[in-house]
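Letter by letter, the chains look like this.
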Amino acid sequence: MAFRVLSRAGSLQQQQHQMKLLSELLSRSFSSGPKNVGFIGLGNMGGPMASNLMAKGHKLHVFDISKEAKDSLQAKGAVPYDNVAELAKASDFVVTMLPNNDIVANTYDTIIGGGGVKNNTIFIDSSTIDPNVAKAVQQKVKAAGATFVDAPVSGGVPGAKNATLTFMVGGSTEEYQAVKDLLEGMGKKITHCGGYGMGQAAKVCNNMMLGISMCGLAECMNLAIRLGLDPKVFADIVNASTGRSWASEVNNPVPGIIPTAPAANGYAGGFATGLITKDLGIASAVATSSNSPIPLGALTHQIYRTLMAKGLANKDFSVVYDFIKNNENK
């Protein structure tokens with residue numbers, strides 16, 4: 001009986017400590033003035049996102065394995081770091097925007113192992129990773145005494161540059177409120193998806209749909225052209241009809257239709273084939289673990305794996321049109 005009382009008392013103390021911490025986080029989040037923000041990962045997405053936070057007046061502490069990426073942000077006023085733990089020590093918020101599960105997990109292990117976690121630090125991971133990895137990282141950060149939310153994004157490089165990204169946040173309601181103001185400096189729609197890992201769950205499902213829709217658009221554009229339709233005419237019809245999608249409006253895969261699309265620049269830039277293939281792999285893994293059939297997702301994953309094998313990993317994922325165009329129906 002005494003053990004149960006002590007156990008309940010300990011649990012109550014932990015809850016009170018957590019509520020106090022969340023109260024402090026909310027208070028600091030809503031306080032006026034610039035924040036010290038650490039940003040790890042300054043690639044095609046992370047670089048513009050960090051720049052937008054600087055434009056909002058925040059003081060940026062930045063890290064990337066690319067010296068050129070760090071130098072670019074340093075020229076705008078950011079403080080560069082060679083050590084992610086030291087960066088975290090200097091930051092109120094830390095945003096990570098990294099390529100895959102392993103790099104995310106290793107980065108947080110390095111931060112925690114290097115003493116970079118402070119009780120009042122909020123860590124925000126905007127990478128696209130397995131929801132289960134996000135949950136595991138959250139548990140490690142929480143055990144070290146800090147706060148972690150998963151907040152992957154949608155909107156691509158144009159959204160990152162124009163601060164119009166959609167953020168999908170996984171965490172408690174209080175934690176969502178604590179990060180919302182900062183995220184609004186990089187995006188226009190900040191959605192609370194539920195508990196830890198639910199932001200990643202939303203992102204994985206969204207990106208599977210994105211890959212499927214791009215393959216479908218590429219296939220139909222090729223068919224329309226082979227049937228004799230003018231590609232611009234057909235693209236206009238699609239965008240005024242039920243076939244309309246983000247891919248058709250923003251990233252049409254046929255060169256010459258949208259001047260700003262990667263297709264107009266040899267499929268350079270944009271959302272790399274290697275990344276959509278990685279995301280489709282995550283979707284396949286979580287579909288297996290949840291016993292969910294994804295026939296179209298699986299076929300799309302196989303198509304992009306074929307593009308990877310052809311050396312197209314660094315090309316925008318709309319290059320699938322070029323692949324389809326150069327094949328015959330045999």
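Residues numbered from 1 in each chain as written. Predicted model: local features only at pLDDT ≥ 70, side-chain atom pairs only at ≥ 80, totals over all residues. Heavy atoms only, no water.

## Brief notes about the overall build of the protein chain
Thinking step 1. Scanning the protein chain for helices and strands turns up 14 helices and nine strands.
Thinking step 2. Counting over 330 residues, the protein chain shows a buried share of 45%.
Thinking step 3. For the protein chain, the exposed surface amounts to about 15900 Å²; the carbon and sulfur share of it is 55%. (Helix = DSSP H or I, 4+ residues; strand = E, 2+ residues; numbered from the N terminus. Buried < 20%, exposed > 50% of the residue type's maximum accessible area, 1.4 Å probe, protein only. Areas by Shrake-Rupley, 256 points an atom, 1.4 Å probe, with all protein chains shown as cover.)

## Notes on the side chain of Ser91
Thinking step 1. Tracing the sequence through the fold places Ser91 in the loop between helix H4 (84–89) and strand S4 (93–96).
Thinking step 2. A polar contact is formed between the side chain of Ser91 and the backbone oxygen of Leu87, at a distance of 2.8 Å.
Thinking step 3. Among all residues touching Ser91, those that are not within four sequence positions of it are Asn36, Val37, Gly38, His61, Lys118 and Thr121. (Polar contact = N/O pair within 3.5 Å; in protein donor to acceptor, adjacent residues only side chain to side chain. Contact = heavy atoms within 4.5 Å.)

## Comments concerning the UniProt feature "active site" (unreviewed entry) in the protein chain
Thinking step 1. Per the UniProt record, "active site" (unreviewed entry) is found at Lys203.
Thinking step 2. On the basis of relative accessibility, which here comes to 7%, the residue Lys203 falls in the buried class.
Thinking step 3. Once residues lying within four places of it in the same chain are set aside, the contact partners of Lys203 are Thr128, Pro152, Val153 and Met168. (UniProt positions renumbered as here; feature names shortened; annotations may be inferred.)

## Considerations on the pattern of salt bridges
Thinking step 1. Applying the stated criterion to the full structure yields eight salt bridges.
Thinking step 2. Taking the shortest distance from any N to any O, the salt bridge between Lys67 and Asp71 comes out at 2.7 Å. Separated by four residues within a single helix, Lys67 and Asp71 lie in helix H3 (residues 67–74), roughly one turn from each other.
Thinking step 3. Judged by relative accessible area, which is 59%, Lys67 ranks as exposed.
Thinking step 4. With its nearest N and O atoms 3.3 Å apart, the salt bridge here joins Lys325 to Asp322. Of this pair, Lys325 and Asp322 both sit in helix H14 (residues 320–325), three residues apart, which is roughly one turn of the helix. (Salt bridge = Lys/Arg side-chain N within 4 Å of Asp/Glu carboxyl O.)

## Examining the packing of aromatic side chains
Each aromatic ring pair is specified by the distance between its two centres and by the angle formed by the two planes.
Thinking step 1. Going through the model one piece at a time under the given rule, you end up with four aromatic pairs.
Thinking step 2. Centre to centre, the rings of Tyr108 and Phe123 are 5.8 Å apart; their planes meet at 70°, and the pair counts as edge-to-face. Within this pair, whereas Tyr108 is found in helix H5 (residues 101–113), its partner Phe123 is found in strand S5 (residues 122–125), the two being separated by 15 residues in sequence. Taken as a pair, Tyr108 and Phe123 share a single burial class, namely buried.
Thinking step 3. The interplanar angle of 85° and the centroid separation of 5.4 Å between the aromatic rings of Tyr108 and Phe148 together place this pair among those described as edge-to-face. Linking Tyr108 in helix H5 with Phe148 in strand S6 (residues 147–150), this pair joins segments that are 40 residues apart in sequence. Both residues of the pair, Tyr108 and Phe148, count as buried.
Thinking step 4. Among the aromatic residues, those joined into a cluster by ring pairs are Tyr108, Phe123 and Phe148. (Phe/Tyr/Trp six-rings, centres within 6.5 Å; stacked < 30°, edge-to-face > 60°.)

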